[in-house]
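Now for the letters of each chain:
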Amino acid sequence: MRAGDLLRKLDQRLLPRLAATVTRLGHGPSRTPLLGWVAMLSCAAVLATAVLATGGPPAQDRTVGEVTRVGVVEGDSIPRYEADAAADLAALAGRSLGDGTYALVSLNEYLTPARLAAVVGDVGVAVVFGRVPLPERQTEIVRIPAQRVPEDVSAGMARLAERKEREAADYRARATALGGGGPQERELRDLYLSGAQVAAAEAVAYRTECACLYALVVRAEPAKLRGVAARSGVRVVDPAPEVRRLERTVFTPPLPEQRDVVRPPVDRTATPEPTASATATATASPPTPEPTVANRSPAAPEVTDSSPSPPLPPPVPSASTRTPSTSADMVDEGDPEPTP
């Protein structure tokens, strides 16, 4: 019997008797304490009946606080990772996974949104990863939610360009407001100006829909994932059937330039001059995106920014706040579920 039916029967049988008892006691000399006890016992009886009828208290979500990691970390062998991912994909042959499984797709080069659309084809996409590949500079890794490619990716790049323009302006304002001509002030001013130049170069690149996309998360049946792995420009497809919720998964794909071992990109300390590599590539030929890959072990939750307009950068820009050795730190615009 359902809890609702049981409680309805209790109301029909007990309420009339309870009302008569309360009325009778209400005329007695000790009506105040008796009424309180009757009301308390009645509530306790109803609550106990509801708990028994529903089989006890609701079960707790044991996945709260757990994070699944898919991808690589600093020091990992990339050839070994690619071989393991290919073996995992082959092991899914013949299995039916209902509405499919999530997978991290890594690409051989950075792509534009238009070229990414050719790689995606008819596969459902959830998230796209990118960064502006400025030579010898660590730039921010970004995570763009996208169900429609290239439309959603282009819109995400436009938002990123606006944010980067605000960051560049903020860095310039900090450099201008910094007083004093001592060594510390000069060094800090140089850091602000360097951060402004990098942010401005990123803004220009995203504004022109640069070849900055290198990974994506998709959802499809194993047979369709094997087809994606065979497409031109795809580096590896790493299936992740253990992933149930994207908001509790951290994807860390290798960068296209990482070929042997995962290590941090080179970052010059001198003030960079924006080069044509990241800004002009967008007007030339579009590059290829790369998916994110992750370790399958639960780890402590990692905080990511899920607001459409992330906050302004920290006061002092440094290489450590930009591109890490993998994609663990990323700007998150929110994760929609992909359309299978």
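About the cut-offs
- Residues numbered from 1 in each chain as written.
- Predicted model: local features only at pLDDT ≥ 70, side-chain atom pairs only at ≥ 80, totals over all residues.
- Heavy atoms only, no water.
- Disulfide = S-S within 2.5 Å.
- Buried < 20%, exposed > 50% of the residue type's maximum accessible area, 1.4 Å probe, protein only.
- Helix = DSSP H or I, 4+ residues; strand = E, 2+ residues; numbered from the N terminus.
- Contact = heavy atoms within 4.5 Å.
- Expected span 1.5 Å × (residues − 1).
- Arc of directions from axis to C-beta.
- Polar contact = N/O pair within 3.5 Å; in protein donor to acceptor, adjacent residues only side chain to side chain.
- Phe/Tyr/Trp six-rings, centres within 6.5 Å; stacked < 30°, edge-to-face > 60°.
- Lys NZ or Arg CZ within 6 Å of the ring centre and 35° of its normal.
- 1 Å grid on protein atoms, 1.4 Å probe; cavity = no way out; pocket = protein on both sides within 12 Å on 5 of 7 lines; lining within 4 Å.
- Points joined across faces, edges and corners; volume = space filled by probe spheres on them.
- Nonpolar A, V, L, I, M, F, W, Y, C, P; charged D, E, K, R; others polar.
- Axes fitted to C-alpha atoms, helices over the stretch in contact; angles between N-to-C directions.
- Parallel < 35°, antiparallel > 145°, perpendicular 65-115°, else oblique.
- Left-handed = near helix turned anticlockwise from the far one by under 90°.
- Core = buried A, V, L, I, M, F, W, Y, C linked by side-chain atoms within 4.5 Å.
- pLDDT = per-residue confidence, 0-100.
- Pairing = 2+ DSSP bridges.

Trainee: I would appreciate a short explanation of the state of the cysteines in the present structure.
Mentor: Among covalent bonds in proteins, the disulfide is the one between the sulfur atoms of two cysteines. Tallied over the full model, the rule gives one disulfide. Paired by a disulfide, Cys210 and Cys212 hold their sulfur atoms 1.8 Å apart. Taking the sign of the S-S torsion, -125° for the link of Cys210 and Cys212, the bridge is left-handed. Using a relative accessible area of 0% as the deciding quantity, one classes Cys210 as buried. You can call Cys212 buried: its relative accessible area is 0%.

Trainee: Would you explain the side chain of Ser154 in this entry?
Mentor: Structurally, the position occupied by Ser154 is in helix 5 (residues 151-177). Ignoring sequence-local partners within four residues, the contact set of Ser154 consists of Pro113 and Glu209.

Trainee: Can you help me understand helix 3 (residues 78-91) in this one?
Mentor: Quick reminder: α-helices carry 3.6 residues per turn. Residues three or four places apart thus point the same way. Over its 14 residues, helix 3 runs 20 Å from end to end, which matches the ideal 20 Å to within 8%, given 1.5 Å per residue. Among the residues of helix 3, those classed as buried are Ile78, Tyr81, Ala85 and Leu89. Looking straight down helix 3, one finds its buried side chains confined to an arc of 70°; they lie on one side. Summarising the geometry of helix 3, the exposed residues directed more than 90 degrees from the buried face are Arg80 and Ala91. Close packing links the buried residues of helix 3 with strand 1 (67-71), strand 2 (101-111), helix 7 (222-229) and strand 6 (234-239). For helix 3, the N-terminal cap is Ser77; the gap from its side-chain oxygen to the backbone nitrogen of Arg80 is 3.4 Å.

Trainee: Hey, could you run me through the packing of aromatic side chains in this one?
Mentor: Given two aromatic rings, one states the distance between the centres and the angle between the planes to describe the pair. For the structure shown, the criterion picks out three aromatic pairs. Relative to Tyr214, the ring of Tyr110 has its centre 5.8 Å away and its plane inclined at 70°; by these criteria the two rings are edge-to-face. Of the two residues, Tyr110 is situated in strand 2 and Tyr214 in strand 5 (residues 213-220); the sequence distance between them amounts to 104 residues. The burial state of Tyr110 is the same as that of Tyr214; both residues are buried. Over the ring of Tyr102 we find Arg219; its NZ or CZ atom is 4.5 Å from the centre of that ring.

Trainee: What's the story with empty space enclosed by the protein in this structure? I'm lost.
Mentor: Over the atoms rolls a probe the size of a water molecule, and in doing so it shows where empty space is left. For the structure on display, the rule yields two cavities of 30 Å³ or more. Those elements that provide at least two residues to the lining of the second largest cavity are helix 4 (113-120) and strand 5. Tallied by class, the residues present in the lining of the second largest cavity amount to seven nonpolar, no polar and one charged.

Trainee: Help me out: how do you make sense of the packing of helix 5 against helix 6 (residues 183-207) in this one?
Mentor: Relative orientation and spacing of two packed helices are given, respectively, by the angle between their axes and the distance between those axes. It is the contact of helix 5 with helix 6, at a shortest axis distance of 8 Å, that shows an interaxial angle of 160°. Overall, the two elements helix 5 and helix 6 adopt an arrangement that is roughly antiparallel. In the packing of helix 5 onto helix 6, the handedness of the crossing is left-handed. For the contact of helix 5 with helix 6, a count of residues per class yields 14 nonpolar, one polar and nine charged.

Trainee: Even after reading the chapter, I still don't get the nonpolar core, so can you show me in this structure?
Mentor: Note on soluble globular proteins: their nonpolar side chains tend to be buried together. Counting residues in hydrophobic clusters, the biggest one holds 35 residues, and the most contacted among them are Leu116, Tyr206 and Leu216. Setting aside its immediate chain neighbours within four residues, Tyr206 contacts Gly130, Arg131, Val132, Glu140, Val142, Met157, Leu160, Ala161, Lys164 and Cys212. In terms of nonpolar packing, the next biggest core, distinct from the first, is built from 22 residues, Ala85, Tyr214, Ala215 and Leu246 among them.

Trainee: What should I look at first to understand the confidence of the model for the protein in this one?
Mentor: Keep in mind that low pLDDT regions are not for reading the predicted coordinates in detail. Mean pLDDT over the protein works out to 75, with 60% of the residues at or above the 70 mark. Across residues 270-315, where pLDDT falls below 50, the model places 173 contacts with residues more than four positions away in sequence or in other chains. Below a pLDDT of 50 lies the segment residues 333-337, which in the model reaches 21 contacts outside its immediate sequence neighbourhood of four places, other chains included.

Trainee: I'm lost on the pairing of strand 3 (residues 124-130) in this one. Help?
Mentor: Residues in a regular strand project their side chains so that they alternate between the two faces of the sheet. Across the seven residues that make up strand 3, a large majority, seven, are buried. Taken together, the six bridges between strand 3 and strand 5 define a ladder with antiparallel strand orientation. When the sheet's bridge partners are listed, Phe129 is paired in strand 5 with Ala215. Bridge count between strand 3 and strand 4 (residues 142-145): four bridges; the pairing is antiparallel. Following the sheet pairing, Val127 is matched in strand 4 by Pro145.

Trainee: Whenever I open this one, the side chain of Asp152 confuses me. Can you help?
Mentor: Among the secondary structure elements, Asp152 is positioned in helix 5. Excluding anything up to four places from it in sequence, Asp152 contacts Ile144, Pro145, Ala146 and Gln147.

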